[in-house]
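Structure assessment
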Amino acid sequence: MPATNNTKLIQEIDDWLPQTQCTACGYPRCLDYAEAIFNNEAGINRCPPGNDITINGLAALLGVPESKFDTKFDTSLDPEVGPHQPRRVYYINESQCIGCTLCIKACPVDAIIGTGKYMHSIIADECTGCDLCVPPCPMDCILTRDYDVQPGAGHRWPEYPTEDTTKFRARTNQRLARLGKIVSQQSRSQKQTAADLDRVRIKAEINDAVLRVKLKKNKP
């Protein structure tokens, strides 16, 4: 199968995932899970947010169980990933927040704003409901409320409108690009530091050699 067709199919698989980036499937991103499905490394039934809609959609897309994907086919949600949970919206009890930034680091879509030692806030419209910010919070001050489902025509999931899944995917890619720049900058800084240390070392060795020559010449 041509590479372009492979990419197209992976994208179509990814479109059947609601892009919460919750990692419940066992992969760091929805796209990583989509690639694992394409490579027949993971079943189509490991997405709790997508639940039956995702499973049935992927089954129809991939032609399981008749196709090469049949070894991983199951019509029920894999119990290993936990049950389907209604979409939730998270918010921070700001009076208890100590500004530790741990939730900010955990959020896969950069939906939490704040800085060290200052109050944090979750942007409700950007929150995927992934739950990843809750475990690292040392103050247990991240709370939830029900998501107000607004039925809309053309949406695959009542809880995850198309505009939300598109937005979640874009914000995930933006976050990865941001983190990539940080890593690149740190790498350049480390290389610069190493180069500076080498220059200092070389200069010290030269000065030491010059001093030894001078001492030898001045020796009676």
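Each chain has its residues counted from 1, following the order in which its sequence is written. pLDDT decides what is reported in this predicted model: residues at 70 or higher carry local features, side-chain atom pairs at 80 or more are listed and counted, and totals for whole chains, interfaces and linings draw on all residues regardless. Side-chain metrics rest on all non-hydrogen atoms present in the structure, leaving aside hydrogens and water.

1. What to know about the nonpolar core
- Here the nonpolar core consists of buried residues drawn from Ala, Val, Leu, Ile, Met, Phe, Trp, Tyr and Cys, with membership extended through side-chain atoms lying within 4.5 Å. Type-normalised accessible area, obtained with a 1.4 Å probe on protein chains alone, sets the label of each residue: buried when under 20%, exposed when over 50%, and partly exposed for intermediate values. Core analysis: the largest hydrophobic core is formed by 22 residues, its most contacted members being Ile13, Leu17, Tyr33, Ile37, Ile44, Leu58 and Leu62.
- Labels follow the DSSP assignment, with helices taken as runs of H or I lasting at least four residues and strands as runs of E lasting at least two, numbered in each case from the N terminus. Put simply, the parts of the chain that give this core at least two residues each are helix H1 (3–15), helix H2 (30–38) and helix H3 (51–62).
- Broken down by element, this core gets its largest block of residues, 6 residues, from H2.
- Counting residues in each nonpolar core, the second largest holds 14 residues, with Ile92, Val109, Ile112 and Ile122 among its members.

2. Focus on the pattern of salt bridges
- The term salt bridge refers to a pairing of a side-chain nitrogen on Lys or Arg with a carboxyl oxygen on Asp or Glu at a separation within 4 Å. Applying the stated rule across the entire model yields 13 salt bridges.
- Two residues, Asp15 and Arg169, come together in a salt bridge whose shortest N-O distance is 3.1 Å. Residue Asp15 is located in helix H1, and its partner Arg169 is located in helix H5 (residues 162–217); the two are separated by 154 residues in the primary sequence.
- When its relative accessible area of 37% is taken as the criterion, Asp15 is described as partly exposed.
- When its relative accessible area of 22% is taken as the criterion, Arg169 is described as partly exposed.
- If you follow the salt bridges from partner to partner, you end up with Arg87, Glu126, Asp164, Lys167 and Arg171 in one network.

3. Let's talk about the confidence of the model for the protein
- pLDDT runs from 0 to 100 and stands for how confident the predictor is about each residue. Looking at the protein, the pLDDT average stands at 86 and 78% of residues meet or exceed 70.
- Mean pLDDT values over the elements of the protein span from 75, in H5, up to 97, in H2.

4. So, the environment of Asp78
- Along the polypeptide, Asp78 turns up in the loop between H3 and strand E1 (88–92).
- Spatially, the C-alpha atom of Asp78 lies 8.6 Å from that of Pro48, the residues being 30 residues apart in sequence.
- Residues count as neighbours in contact if any of their non-hydrogen atoms are within 4.5 Å of one another. Excluding residues that lie within four positions of it along the chain, Asp78 makes contacts with Asn45 and Arg46.
- Each polar contact in these results corresponds to two N or O atoms within 3.5 Å; when the atoms are within protein, one needs to be able to donate a hydrogen and the other to accept it, and residues that are neighboring in sequence are counted only if both atoms are side-chain atoms. Polar side-chain contacts of Asp78 include one of 2.9 Å to the backbone nitrogen of Glu80.

5. Focus on H3
- With 12 residues, H3 extends 17 Å from end C-alpha to end C-alpha; this agrees with the ideal 16 Å at 1.5 Å per step.
- Residues Asn51, Thr54, Ile55, Gly57, Leu58, Ala59 and Leu62 constitute the buried set of H3.
- Residue Gly63 follows H3 closely and has a positive phi angle near 70 degrees. Expected span, for any helix, means 1.5 Å times one less than how many residues it has.

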